Amino acid sequence: MSEFTTNPVVQSLVALNETTWFNPKKVAFESVQGQLPLQMSDMQDAADRLSRFAPYLALVFPDTAVNHGIIESELKPIPAMQSVLSDLMGADIEGRLLMKCDNQLPIAGSIKARGGIYEVLLHAERLALASGLLREGDDYRTFDSDAFRALFSAHQIVVGSTGNLGLSIGTMSAKLGFKVTVHMSADAREWKKALLESKGVNVVEHTADYSVAVEQGRQEAEQDDSAYFIDDEDSTSLFLGYSVAALRLQKQLNEQGILVDADHPLFVYLPCGVGGAPGGITFGLKQVFGDHVHCFFAEPTHSPCMLLGMETGLHSKIAVQDLGIDNLTCADGLAVGRPSAFVGPMMDQLLSGAYTVSDDNMHRYLTMLADAESIQVEPSATAGLVGVMRLLTSGRDYLKSHQLEDKMPQATHIMWATGGDLVPDEEREAYYSYGKALL
Ligand SMILES: *Cc1c(COP(=O)(O)O)cnc(C)c1O
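Residues numbered from 1 in each chain as written. Predicted model: local features only at pLDDT ≥ 70, side-chain atom pairs only at ≥ 80, totals over all residues. Heavy atoms only, no water.

Focus: the overall build of the protein chain
Link 1 in the chain: When helices and strands are tallied, the protein chain shows 17 helices and 11 strands.
Link 2 in the chain: For the protein chain, whose C-alpha radius of gyration is 21 Å, the value lies close to the compact-globule estimate of 22 Å for 439 residues.
Link 3 in the chain: Within the protein chain, the fraction of its 439 residues that count as buried is 62%.
Link 4 in the chain: Taking contacts inside the protein chain between residues at least 6 apart in sequence as the whole, the part at least 24 apart equals 75%.
Link 5 in the chain: Side-chain charges of the protein chain comprise 32 positive and 57 negative groups, with the mean position of each set lying 3 Å from the other. (Helix = DSSP H or I, 4+ residues; strand = E, 2+ residues; numbered from the N terminus. Rg over C-alpha atoms; globule rule 2.2 N^0.38 Å. Buried < 20%, exposed > 50% of the residue type's maximum accessible area, 1.4 Å probe, protein only. Contact = heavy atoms within 4.5 Å. Lys, Arg positive; Asp, Glu negative; His and termini not counted. Charge placed at Lys NZ, Arg CZ, Asp CG, Glu CD.)

Some remarks on unusual backbone geometry
Link 1 in the chain: Despite not being glycine, Ile107 has its phi angle at roughly 75°, a positive value.
Link 2 in the chain: The residue Ile107 is located in the loop between β3 (96-101) and α5 (112-131) in this model.
Link 3 in the chain: The residue Gln403 is not glycine, and still its phi comes out positive at about 50°.
Link 4 in the chain: Here Gln403 is to be found in the loop between α16 (396-401) and β11 (412-417).
Link 5 in the chain: Look at Gln403 and you get exposed, because its relative accessible area is 55%.

Thoughts on the domain arrangement of the protein chain
Link 1 in the chain: By the assigned domains, the protein chain splits into domain 1 (2-108 + 242-438) and domain 2 (112-236).
Link 2 in the chain: For domain 1 versus domain 2, the distance between C-alpha centres works out to 25 Å.
Link 3 in the chain: Across the boundary between the two partners, domain 1 contributes 44 residues, which contact 37 residues of domain 2.
Link 4 in the chain: With both chains or domains summed, domain 1 and domain 2 bury close to 3,600 Å², and 63% of this area falls on carbon and sulfur atoms.
Link 5 in the chain: For domain 1, the biggest contributors to the area lost against domain 2 are Phe53, Tyr56 and Tyr242; these three give 20% of the whole. (Domains from an automatic or database assignment. Buried area = accessible area lost by both parts, 1.4 Å probe.)

Considering the pattern of salt bridges
Link 1 in the chain: For the structure shown, the criterion picks out 22 salt bridges.
Link 2 in the chain: Ionic pairing is found between Arg149 and Asp146, a salt bridge with its closest N-O pair at 3.1 Å. Here Arg149 pairs with Asp146, and both are found in helix α6 (residues 146-153), just three residues apart, close to one helical turn.
Link 3 in the chain: For Arg218, the salt bridge identified is with Asp231, shortest N-O distance 3.1 Å. Placement of the pair is Arg218 in helix α9 (residues 210-222) and Asp231 in the loop between β7 (227-230) and α10 (236-255), with a sequence separation of 13 residues.
Link 4 in the chain: In this structure Asp231 comes out as buried when scored by relative accessible area, which is 14%.
Link 5 in the chain: Connected via shared salt-bridge partners are Glu72, Lys100, Asp102, Arg114 and Arg248. (Salt bridge = Lys/Arg side-chain N within 4 Å of Asp/Glu carboxyl O.)

Focus on the sheet that holds β7
Link 1 in the chain: If you trace the four strands from one edge of the open sheet to the other, you get β6-β5-β4-β7, paired in parallel fashion. Both outer strands of the open sheet, β6 (202-205) and β7, are each paired with one neighbouring strand and no more. Shown here is a sheet whose adjacent strand axes are inclined to one another by a mean of 20°, direction ignored.
Link 2 in the chain: Note: strand β4 (residues 156-161) against β7, four bridges, orientation parallel. Bridge pairing in β7 places Ile157 opposite Tyr228.
Link 3 in the chain: Across the sheet, α9 lies against β4, β5 (179-184) and β7, angled at about 165° from β4, the strand it touches most. (Pairing = 2+ DSSP bridges. Axes fitted to C-alpha atoms, helices over the stretch in contact; angles between N-to-C directions.)

Observations regarding the sheet that holds strand β9 (residues 293-300)
Link 1 in the chain: Here we have seven strands laid out as an open sheet, ordered β1-β10-β9-β8-β11-β3-β2, and mixed in their pairing. The strands lining the two open edges of the sheet, one partner per strand, are β1 (20-22) and β2 (75-77). Averaged over all pairs of adjacent strands, the angle between strand axes in this sheet comes to 25°, irrespective of strand direction.
Link 2 in the chain: On the sheet, helix α14 (residues 359-373) packs against β3, β9 and β10 (353-357) and is oriented at approximately 90° with respect to β10.

As for the packing of helix α4 (residues 79-89) against helix α15 (residues 387-394)
Link 1 in the chain: With their axes 10 Å apart at the nearest point, α4 and α15 run at an angle of 35° to one another. The chirality of how α4 crosses α15 is right-handed. Along its contact with α4, which presents Leu85, Leu88 and Met89, the element α15 presents Val388, Met389, Leu392 and Thr393. (Left-handed = near helix turned anticlockwise from the far one by under 90°.)

Following this line, the structure appears as structure tokens:
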């Protein structure tokens with residue numbers, strides 16, 4: 001890896017400095033759209049599948065019934081936080097700052113309720129169709145029956161996770177009647193493991209990091225013909241499940257009368273772990289808004305795997321540990337040392353940039369958000385808050401080269417809050433006071 005030691009971006013990452021990076025390979029969407037391995041029709045297919053399952057979800061998860069079984073979160077302005085950030089910067093943040101509240105998504109309390117649940121449903125649908133229990137056009141409430149549970153009880157679902165993906169996949173799989181095993185990395189919080197065990201999920205604890213937990217899960221699944229492994233490092237199904245968020249966001253922006261076009265740019269800041277969630281959403285948003293949307297990934301200074309993979313061009317062939325970065329962070333949802341094998345290459349020409357945030361700053365922003373807006377999130381979810389400041393301070397060249405400088409008063413910035421609703425009170429209090437002490 002010595003060939004990278006003179007690269008100033010890599011040097012900054014290795015020094016654990018907060019780093020802001022603009023992607024030199026980004027091109028006009030039109031010029032790559034046709035070459036992408038997935039298209040709008042794939043995203044639409046995923047959206048249709050989620051609609052078919054909506055009546056079932058509304059039945060078995062009552063908190064999804066208000067939205068008729070569509071797992072979706074609110075998009076809302078956070079004006080008090082916007083002025084706190086303006087004060088911090090010493091300059092007004094023009095345009096609007098919105099929060100996408102995936103911290104409140106039903107069933108899993110995190111963004112993983114999108115991809116994780118989607119892939120479990122996809123697998124269940126395939127098995128049900130193959131068995132003859134389900135026919136095209138059936139009412140999917142039939143999944144809530146002994147016949148379906150008996151079918152699924154002969155099948156196992158296996159996944160490796162830092163916590164939230166396990167929560168989402170474990171909960172959904174157990175509800176359908178699958179046997180399910182979640183391999184949890186050392187970062188996974190105790191309460192996430194205990195919650196899953198209470199739902200009858202088999203939790204295997206590892207003392208190593210996420211990549212090892214995933215590898216163990218993969219190996220275990222290979223030895224069992226009835227097992228299906230959900231591969232967070234390389235799954236297009238998970239990715240497409242996340243991408244549907246873009247269609248939903250388009251609808252929400254429309255309903256709120258918020259324009260996105262050449263004169264009204266949209267900036268989206270997405271916390272990134274292995275890359276599936278932010279990658280899927282970026283792919284979807286590009287399909288919907290093309291060059292009018294600008295997507296940025298946010299990572300912990302101790303786990304900058306996607307930024308490292310993209311800057312070096314090595315993607316999943318390099319891990320942060322190869323350069324001596326420890327992958328130890330309070331942001332458990334983002335504690336990933338090696339990025340997804342296919343997300344980075346797909347983001348190469350789509351992503352606008354990425355930046356890193358220190359653990360202390362994630363705690364500070366968590367506390368500021370709680371004070372300003374009375375919104376409680378987990379540390380990972382705050383990483384998106386920094387994006388607008390980074391863009392406005394370090395992104396002058398980016399804005400200039402995209403002819404955006406005079407359009408910023410009409411801009412919309414969305415910080416994607418990715419998790420937090422299921423965090424127990426004591427833990428929440430501890431995050432808050434940690435951040436308070438730093439302010
Ligand atoms: C998983 C997760 C992310 C990032 O998703 P990836 O698919 O791992 O990139 C962000 N925030 C939280 C809270 C998460 O659990």
